[in-house]
Structures are given as structure tokens and as C-alpha cells.
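# Descriptive structure summary
One letter stands for each residue in the lines below.
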Amino acid sequence: MATATSATRKPQRSPEEIEDIILRKIFLVSLTDSEPSDPRIVYLELTAAEILSESKELRLSRDLMERILIDRLSASATAAAEPPFQYLVGCYRRAYDESKKISSMKDPNLRSQLDSVIKQAKKLCVSYCRIHSGNPDLFPNNEVKSGTSLLLQLVFSEVSSSVDGFGVGVSSTQSLPGFVDEFFRDSDFDSLDPILKGLYEDLRGTVIKVSALGNFQQPLRALLYLVNFPVGAKSLVNHLWWIPKGIYLNGRVIEMTSILGPFFHVSALPDDSIFKTQPDVGQQCFSEASTRRPADLLSSFTTIKTVMNSLYDGLSEVLLSLLKNTDTRENVLDYLAEVINLNSSRAQIQVDPLSCASSGMFVNLSAVMLRLCDPFLDANLTKREKIDPKYVFHNNRLDLSGLTALHASSEEVAEWLKKKKLGKTDGSTQHTDGENRLLQSQKATSSGSSASGSSNVKPASSSDKTKYPFICECFFMTARVLHLGLLKAFSDFKHLVQDIQRCEDTLSTLKAMQEQTPTPALDRDISRLEKEIESYSQEKLCYEAQILRDGTLIQSALSFYRLMVVWLVGLVGGFKMPLPSSCPMEFASMPEHFLEDAMELLIFASRIPKALDGVLLDDFMNFIIMFMGSPDFIRNPYLRAKMVEVLNCWMPRRSGSSNTATLFEGHQLSLEYLVRNLLKLYVDIEFTGSHTQFYDKFNIRHNIAELLEYLWQVPSHRNAWRQIAKEEEKGVYLNFLNFLINDSIYLLDESLNKILELKELEAEMSNTAEWERRPAQERQERTRLFQSQENIIRIDMKLANEDVSMLAFTSEQITAPFLLPEMVERVASMLNYFLLQLVGPQRKSLSLKDPEKYEFRPKQLLKQIVYIYVHLAKGDTENIFPAAISKDGRSYNEQLFSAAADVLRRIGEDGRVIQEFIELGAKAKVAASEAMDTEAVLGEIPDEFLDPIQYTLMKDPVILPSSRITVDRPVIQRHLLSDNSDPFNRSHLTADMLIPNTELKARIEGFIKSQERKKQGESLSMECAKATIQTTDSEMLID
């Protein structure tokens, strides 16, 4: 009732009067010279006079709105007056408030009329904000902050709701619904472009020194907000700093000066001190980590993983927004290509931080590119036909020249491309076998009009540019980014762990020395090393937090490389064996690092618990089996050896994942080809072409040996192994056996010699008085030598044990290759030599205080050696093994067999094995006696009948085609197992090139028969003479 009464008392205001009141409130102006209630209200005296002169009422209306606003902005600025931009924003805010008030009006016509007026006022405010931002000097101005800075604060306010806990509260620029959207929504490009460029520069500046723990979310959201406007996207890619230009442009410069670069620089990973960001992640999260509670470390890991994923998501959205816009897509691809091309030297072991972008940028870029690839990484890889191998040669964006190819040399690739170009010119449609297989397995498609003309090596002008689908471009760019980013980070992490281990070993040595003879220099060295270890440890934990703990990132990378291997195998006709007779050039010319990175990732992921769970590994397994033993497809033996390392990680007893056992035991391609290709690689790795090949082969063969030992225990693989040994008795299996024996002899010999050297050093160090008198530096050097010798013995012994073990377990079921003429004497010599070392006169000199520490187990080793003797004796149907044993003039001694039997009895070996071994020794003794008799029968052998290498009587003489020298077939075949060359002139030689010397063989056989007849004749004469003497003596006795 009271409300109704008061309403009757107030005079009813006309719509014009209400409009006047609202507009005065919005614009803070007055047309009358009365004392204003708000000091901000400005009396527009001249404007009022003009209105009166036009015979109009002194009342504000929509018709006068713009005139009033211009006069208000043009009025002389006083110190207390609001600057133009803030004033206009205030007007918009007051208009917004007034619009809320009128929403409760009952009269719909009046409400609609006033709403239209307020909307016009708001539009006018936004329009003049744009004008002022583009022309700050147009109106009197006492602004401390530029209009762009204030606009940026408004953008921040607009996006702060989507930023958790990182919004910057600015009282003067709190959220203003609709203002920013209207500011950028409807306007021409030319007026907004300079404003947007200023905003982008400011955004870049806000994150340039920010780490993962700093406020990057708000600028990133603002960036995304702006590029979602078509005008914002266009302005960004047309900015001079989108892709900076200049003679000093390099990888680091584009990271720090481009608009997007500083956003990609935000990271938890360590960077060079010049480019240090704040807050320091290592210091803040991981200082003195060894003293921190596990829960605190876990919390830090989770925080870093969360904020980095928010960065990845934000950057992905920015790029996706630009890529979806056809006007900006090419600019994005150009930017990505430029970043990749300028940072190609990141692939080197030593990276110059002043010329290359940071690891943080490239790991972030790796994560973002993987998100862009996600739509075509489905389980069936249905989009892979969009990836065109011709992109490697003909794209105009990404520089892939100079990369080592899987098999082809740069000259071969150039020649192939030249021929293809000529073929296209001639209109030829003939395809090679490899190309036909390629066409069958993969119908590569290219968008645009030049699908048929993409064989031009480098089109001269942009108008001739070959267009490739986005999927194709994204695939190859991601492969390069991962190589320079995520995979490089794995390598850096591995080196970091090695550095920490090296420092800890040195620190341990220094502390031991300090306890004996403390010096200030040692104290300083220890303090320096402890600081280094602390710094390295912080860096290591930063890598762990951003990369190792991010299972999603690693699984995305694995999905990408699954696509890579499926696509690569498509270039040779798909997953089927045997491989084509020749390697298709499309496959041979692909960059080697595509495959190497896949293998490195698998190795790295296999060592992270649960990283492989849920990952489809079958395609990787098929690929590895197909190409591991194929040097005609993958030239680099180290790359094929890396495949073995992957399989080694997947062995069920070693893998942390549950889905690897079936890869070996229920996998058809594995059962058929795995053992065969492992044996081939074992042989191939003898000659890698590297200056370190002699030492490298032991590490690689160690991985192969571990895998073979596991496979021998799987019945289906053991059967396959036996079949290979039968089929390849004189082929790859014989070569494998030869190198296995070579390695066993070298490793055991080296180990035993090093043990003798180690014992000498031990004796020196145990003589305390003499040792203390030596200079400190000499003691330090001798201590380091002692530790080095220990490591060498441990490694060599481990490898020797593996090799002897493999000889033992395989010889139980496979004996024929061991007993071939070219192999049997070599095997016997090896066994005799080992026996001599283990039970001969010098065995006591090999005793160590702690033999287990060095993997030296003489009893176990002796048992293995004896098993090999016994296994071969059982398989020796032609009784040639005893003769081969006794023929060894260097190590054979009949007493070694009885000495070994005594040791076996003492250690509780099976009596039947001992008995068989003693019987073999007895046979060898008989064979030795027979050999001496034969030697006596033959007498002096003519030189032409002696093998020029071994100086033994030839049984099967053959002529070497190049040098024309005659040698014994078993001797030269034994040589060819290790070296395919004529030993007299180094020309190429294989077993099938040997020419039988039948004439000489007949003469040798004749000589042997002649000597035997001669000996028989002599024996007969002697017997007759003896008989005559006996008869005479008998007669005399009778007489």
C-alpha cells in the first residue's frame, strides 16, 4: 500500500526524460551548470550552447549520444579525470548495470526502447575504445598504462574463470561481460590489426621468463581467446614475429623472439643459465630430494605433470584453432617447419644452447604434435594411406635432406629420383617389383592437382608446389619433432644418469682417499662434487616429473611409432615373409632415424613400470622379426642390434608388462623366423664398419645370447633352432658357431690374464708399508687401474660364462656342426685350452679372495666344459673327435682328463658324466698313439704336400682362384668362416670358388700308400729275419 501511495506522489517521467537520465549516468556528463553529485561528471558547456542554438531541449538522447561522447573525450584532461580508455570501459560497465536495472520494467515498449538505447551506447563505447587503442593521441590523455595494456587486463579478466588459481585480480578491470567479445567480433581487420599485434607482443612478454610453476595459464588462455576470432588468427600469423626474419636467426632466436616461442619455452626441464626461468622448478620441488618424504616428491611430480598437460592442451588448442582456419593453416605449417629446420642440430650429442632451442620447447612441441596426430592414431590406422613417401623428397617445407637413409646412399637416391623423373617425362608406366608391391599395399594419395606430378625433386616456384594432405605433413613433422625433442630428451636423461653415477663413483674414491690422507684440496673437490651431484639430481627429477611420469605422453608416442612401423612395412608389401628379393627404394630412402627413434622409445618405455600396459606390441614384434636379420633392407647393424635390445627388454622374466610373453611363445612369425634372424645378426655384427666394432660386438652379442638362452627353454623355439642347425649346417649356423667359439676363447683368455694382473696389484696394495711410501698421485692411479681391471674381468667373465653355457646347452641336442672337418679341430683346441687353464699347473695362480664378485665360477665353468666334451663324444658317430683332441699340440695333455675327473668327483658331479669323460680321454690317448705311428710311417713329407697355413699333410687340396696357391680344404674353410678373403692376397673368396686340385690329391694318396707299403715291406723283412734267427737257434739247440 505504501509503495502505491509513493508512486502517486511522484510525477510520471516521460520516456525521453528516462533516456536522458540513463545516458547522463552512463557518460557522466551534464548539460546544466549545477553542482554535480559525482565529481567525475563533466559539464559540457559548449555542447549545451550548441544544442540551445539549435532550438532543442537540453536533454540527452540517442541522436546526441555520439556527439556527447566525442565532446566528453575531447574535453581538457585534468589530473583527476579518468584517461579515455578507462572512461570508455567505465561507460560500458555503467551501461551494463543500467541494462540490468531496466530488465524489471513492466512496460515492454519502454523496456525495449531503452534497451535499444543502452545497446547503442555500449556499441559506441566499444567502437571508441578501438579508435583510441589504434590512435592513443586522438583525445587528451594522461594514461599511465597504454590502452593495449588495459585491454589485455580485460582479456585476462574474460578468461580468468577458466584458469584455476592463476587469475590476476585487477580492481579497475574486473570481468566486463560482452565488452571484449564485442571489441573483436565486428570490425575490419585494418583497425584491429595493430591493436592485436600489440596484445600478442605483450602476451609473449608475460611468459618469456616463466617456468612450469609460474603463471603461464592466463596468458595462454588469452592467446587462445584471441586466435578464436578470425581477425585475431589473421593478425597473429601476419605479425612480423610470427616467423622472425634476419641473418642471425637460429633455433634459439626463433624460440625467444617468435610470438609462440616463449609459450613453448615454458617447462620444468633444465635450460642454460642465460635462459633461466622462474620459479626454479628443480630448486623449489627437488632440492635435497634425498631427505624429503616420498609423499612430498610424489606431490611435486603430480603438480608438474598436471601443469605441463594444461600447457600441452592449451598450445594444442591454439594450433588447432589456427589449422582449422583455411586462411591461417599454411602459416602454422610454415612456422612448425621453420622451428624444426632451424633446430636440426639438436640431433647432435653436444647441443649449443645459444643456437638451438631448449629441450623444454621441443618436448612441449612433441606433446602438442602428438595431440595433433591423435585423430589418425586409431587402432586400425585407417588414415595411413594419406601418408605419401614422396613427401620426403618433394615437399617444399620440411628440410629432410642430409639425413641418413635406411639403406640407400644419397647418390643412389639422387639417381633413383632422376630415373623416376625421366620415366614420368616419357609417360612410362612400368614399375619395379618393389613399386608393384608398394602400389598393392598402399595407395598413397595426395590432395591438390599435382598427384601425378610429384616426382619433381624441388619445384622451382611456389606455384608448382606439390600439395600434401594435412595428415601427411603432420606425420613427417611429428617424426622430426620427436627425434629432436622427446627422443633427444631420453638421450639427455640417460647421459645425466651416467654423469651422476660417475660423480658418485669419484666422490666415493675421494672420500676413501681423504680418510687415509686428508688435504684441503680433497675437501674442496669433495664439496664441489657434492654440489654437482645435487644439481644433477634436481635436473634428473625434473626430467622424471615432466616425461617419465607422464604415461599418457609416452603411450601417445608409442601409438605414433606403431603407425610409423606399419606404414614403413607397407612400403615393402606388408607383414609377410620372406621379404622381397630387392629392397624397394621408397623404403630404402626413408630417414633412418624414423626407425631408430621407434626402437629407442620402446627400450625406454620398457624400463618404465606399466608404460607398455595396453599398448599394441604385435606390429612392433613383426617388424623387428622381419628386419632384424636383413642387412639388404636396413644397412646399419647397430640399428638392427637395437631391435634385439627391444626384444631383450620384453623377455617375460625382465619385462614389467604382462603382455610380452605371448609375443615370443604364441606368435607365428616369431616361431618361424626369430631364432633364424638372431643367429644371422650374431654373425653380421662381426663387421660393423665402426672403429669400435671389436668391442661393440660383445655388447650386442650379449643381448642376443640372453635372448637365445631364453628361447632355448621354449620347446617350439628349440625345435626351430634344431631345424635351422640342420638346414644351415654349412651356412649361417656354422658361422654362428665359429664366432661363438672365437668369442669364448678371447673372453676367457682375456679374463684369466687380467686376473693375474689384478693379483699383482692386490699384492702391491696389501704391502701396507711399501704402499704408504708411494706418492699419493701414484696410489690414486694404481687404485683407478685396479678398479678398471675389476670391471673388465667382471664384464668379460660374464660374457664368457654366457658363451660357454650356450655351447653346453646347444651341444646336447645339436652336435653335427661341431664335428665338421673345418670345425672339429677348432672346437677340440678350445676345450683343451679351457681344461688346461682350469685344472692345469697354473690353476692355483687364478685363485681370488672373492671370485663371485668377478663372476668367476671355475667349478661351474669346468662342468660346462666337460658337458661339451661328453655331448660331442656322444654325437661322434665317425669317431673323429678323439683324434681332433689329441692333435692339439698346444694344450692337450692326457693327464688333464684325470685331473678334471678328480675335481668333478670332489664337487659331486654325476658319476655317469665323469665315466663318459674318462672314456673320451682314453680314446684321445689311443688316437694320440695312433697319430704318432702314422707320423712314423709317413716319414719326411714333401713340402708340396703340406698345407702352407698349418704345415700339415693335406687330405683335400684345393686351389685358391686368385693367388693360385694350393691349401687344404678344411683349413681354408675354417679361415673363411671369419674372413671372406684369400689369406695370401686379400682378394674376395668364398667356399664355392675353391678349385679341387685332383692331380695333387691323387699324388698325396699315392705317397701315403707308397709309404705304408714301404713300412709294411720293412716290417715283413724284419719278421722274416727274426724267424730265420729263431729256426737256426732251435736247430743248434737240438744238435
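Residues numbered from 1 in each chain as written. Predicted model: local features only at pLDDT ≥ 70, side-chain atom pairs only at ≥ 80, totals over all residues. Heavy atoms only, no water.

As annotated in an unreviewed UniProt entry, the chain is RING-type E3 ubiquitin transferase from Lithocarpus litseifolius. On record in UniProt, under Pathway (unreviewed entry), the comment for the chain is "Protein modification; protein ubiquitination." On record in UniProt, under Sequence similarities (unreviewed entry), the comment for the chain is "Belongs to the ubiquitin conjugation factor E4 family." (UniProt positions renumbered as here; feature names shortened; annotations may be inferred.)

A few words on helix 10 (residues 217-227). With ten of eleven residues buried, helix 10 is to be regarded as a mostly interior element. Among the residues of helix 10, those classed as buried are Q217, Q218, P219, L220, A222, L223, L224, Y225, L226 and V227. (Buried < 20%, exposed > 50% of the residue type's maximum accessible area, 1.4 Å probe, protein only. Helix = DSSP H or I, 4+ residues; strand = E, 2+ residues; numbered from the N terminus.)

A few words on the packing of aromatic side chains. Tallying each qualifying case throughout the model produces 37 aromatic pairs. Here the aromatic rings of W712 and W721 are separated by 4.9 Å at their centres, their planes lie at 85°, and the arrangement is edge-to-face. W712 gets classed as buried once you look at its relative accessible area, which sits at 8%. A connected cluster of aromatic rings, assembled from ring pairs, spans Y391, Y468, F475, F476, F560, Y561, W567 and F594. (Phe/Tyr/Trp six-rings, centres within 6.5 Å; stacked < 30°, edge-to-face > 60°.)

Now for unusual backbone geometry. Residues Q278 and P279 are joined by a peptide bond in cis, for which omega reads -10°. Summarising the element assignment, P279 is placed in the loop between helix 13 (261-265) and helix 14 (281-286). Residue P578 follows M577 across a cis peptide bond; omega there is 0°. Here P578 shows up in the loop between helix 24 (551-570) and helix 25 (585-588). You will see that R986, though not glycine, has its phi angle at about 65°, which is positive. Structurally, R986 can be placed in the loop between helix 41 (969-976) and strand 5 (995-996). Judged by relative accessible area, R986 falls into the exposed class, the value being 53%.

Moving on: the nonpolar core. If you look at soluble globular proteins, the nonpolar side chains tend to sit buried side by side. Membership of the largest hydrophobic core comes to 300 residues, with the highest contact counts inside it found for F27, F179, F184, F627, W650 and W721. Look past the residues within four positions of F27 in its chain and what remains in contact with it is M65, L69, R72, Y87, C91, A121 and C125. L507, L522, I526 and I533 belong to the second-largest nonpolar core, a separate cluster that totals eight residues. (Core = buried A, V, L, I, M, F, W, Y, C linked by side-chain atoms within 4.5 Å. Contact = heavy atoms within 4.5 Å.)

Viewed as axis vectors pointing N to C, helix 9 (residues 189-207) and helix 11 (residues 230-237) meet at an angle of 65°, and their least axial separation amounts to 9 Å. Crossing geometry of helix 9 relative to helix 11 is assigned as right-handed. Between helix 9 and helix 11, the residues in contact are F189, L192, D193, L196, K197 and Y200 and V231, G232, A233, K234, S235 and L236, respectively. (Axes fitted to C-alpha atoms, helices over the stretch in contact; angles between N-to-C directions. Left-handed = near helix turned anticlockwise from the far one by under 90°.)

Let us now look at the sheet that holds strand 3 (residues 957-959). The three strands are arranged 4-3-5 in an open sheet whose pairing can be described as antiparallel. Either end of the sheet is taken by a strand with one partner, and the two such strands are strand 4 (966-968) and strand 5. Across two bridges, strand 3 lies against strand 5 in antiparallel orientation. Note on strand 5: the bridge partner recorded for I959 is I995. Its contacts with the sheet put helix 41 on strand 3, strand 4 and strand 5, and the angle it makes with strand 4 is roughly 85°. (Pairing = 2+ DSSP bridges.)

This next bit is on the UniProt feature "coiled-coil region" (unreviewed entry) in the chain. Annotation from UniProt places "coiled-coil region" (unreviewed entry) at residues 519-546. End C-alpha atoms of residues 519-546 are separated by 41 Å, and the span's content is 96% helix alongside 0% strand.

Time to look at the pattern of salt bridges. Scanning the entire structure with this criterion turns up 52 salt bridges. Put simply, E686 and R701 hold a salt bridge, and the shortest N to O gap is 2.8 Å. With E686 in the loop between helix 30 (668-684) and helix 31 (693-712) and R701 in helix 31, this pair connects stretches of sequence that are 15 residues apart. Since its relative accessible area comes to 13%, E686 is described here as buried. Given a relative accessible area of 2%, R701 falls into the buried group. Linked by salt bridges that have partners in common, E330, D334, R397, K467 and E473 make up one network. (Salt bridge = Lys/Arg side-chain N within 4 Å of Asp/Glu carboxyl O.)

In this section: a positive patch on the surface. A grouping of R843, K844, K859 and R906 is seen on the molecular surface, where their side chains present a positively charged patch. Tracing the sequence through the fold places R906 in helix 39 (residues 894-906). (Patch = residues over 30% accessible without salt bridge, like charges linked within 9 Å, V, L, I, M, F, W, Y side chains within 5 Å. Areas by Shrake-Rupley, 256 points an atom, 1.4 Å probe, with all protein chains shown as cover. Lys, Arg positive; Asp, Glu negative; His and termini not counted. Charge placed at Lys NZ, Arg CZ, Asp CG, Glu CD.)

This brings us to the side chain of S316. In this fold, S316 is placed in helix 15 (residues 294-324). Of the residues examined, S316 reaches a relative accessible area of 6% and is grouped as buried. Of note is the side chain of S316, whose polar atom sits 2.6 Å from the backbone oxygen of Y312. Sequence-distant contacts of S316, defined by excluding residues within four places in its chain, comprise V368, R371 and L372. (Polar contact = N/O pair within 3.5 Å; in protein donor to acceptor, adjacent residues only side chain to side chain.)

Across the chain, pLDDT averages 85, with 89% of residues at or above 70. In this model, residues 162-172 is a region of pLDDT below 50 whose contacts with residues beyond four sequence positions or in other chains number 14 contacts. (pLDDT = per-residue confidence, 0-100.)

Here we come to the state of the cysteines. Working definition: the covalent bond between the sulfur atoms of two cysteines is a disulfide. All chains considered together, the criterion is met by zero disulfides. C129 carries a free sulfur, and the closest cysteine sulfur to it, the one in C125, is 7.0 Å from it. Its relative accessible area of 0% is what places C129 among the buried residues. The cysteine C474 is free of any disulfide, with C373 supplying the nearest cysteine sulfur at 3.6 Å. Relative accessible area serves as the criterion here: at 1%, C474 is assigned to the buried category. (Disulfide = S-S within 2.5 Å.)

Within the secondary structure layout, T466 lies in the loop between helix 20 (433-441) and helix 21 (470-484). In this structure the C-alpha to C-alpha distance between T466 and N395, which are 71 residues apart in sequence, comes to 6.7 Å.

The contact between helix 17 (residues 359-373) and helix 22 (residues 486-516) brings their axes to 8 Å, and the two run at 135°. In terms of their interaxial angle, helix 17 and helix 22 are classed as oblique. Between helix 17 and helix 22, the residues in contact are S359, F362, V363 and S366 and L486, A489 and D492, respectively. Per-class residue counts for the contact of helix 17 with helix 22 are four nonpolar, two polar and one charged. (Parallel < 35°, antiparallel > 145°, perpendicular 65-115°, else oblique. Nonpolar A, V, L, I, M, F, W, Y, C, P; charged D, E, K, R; others polar.)

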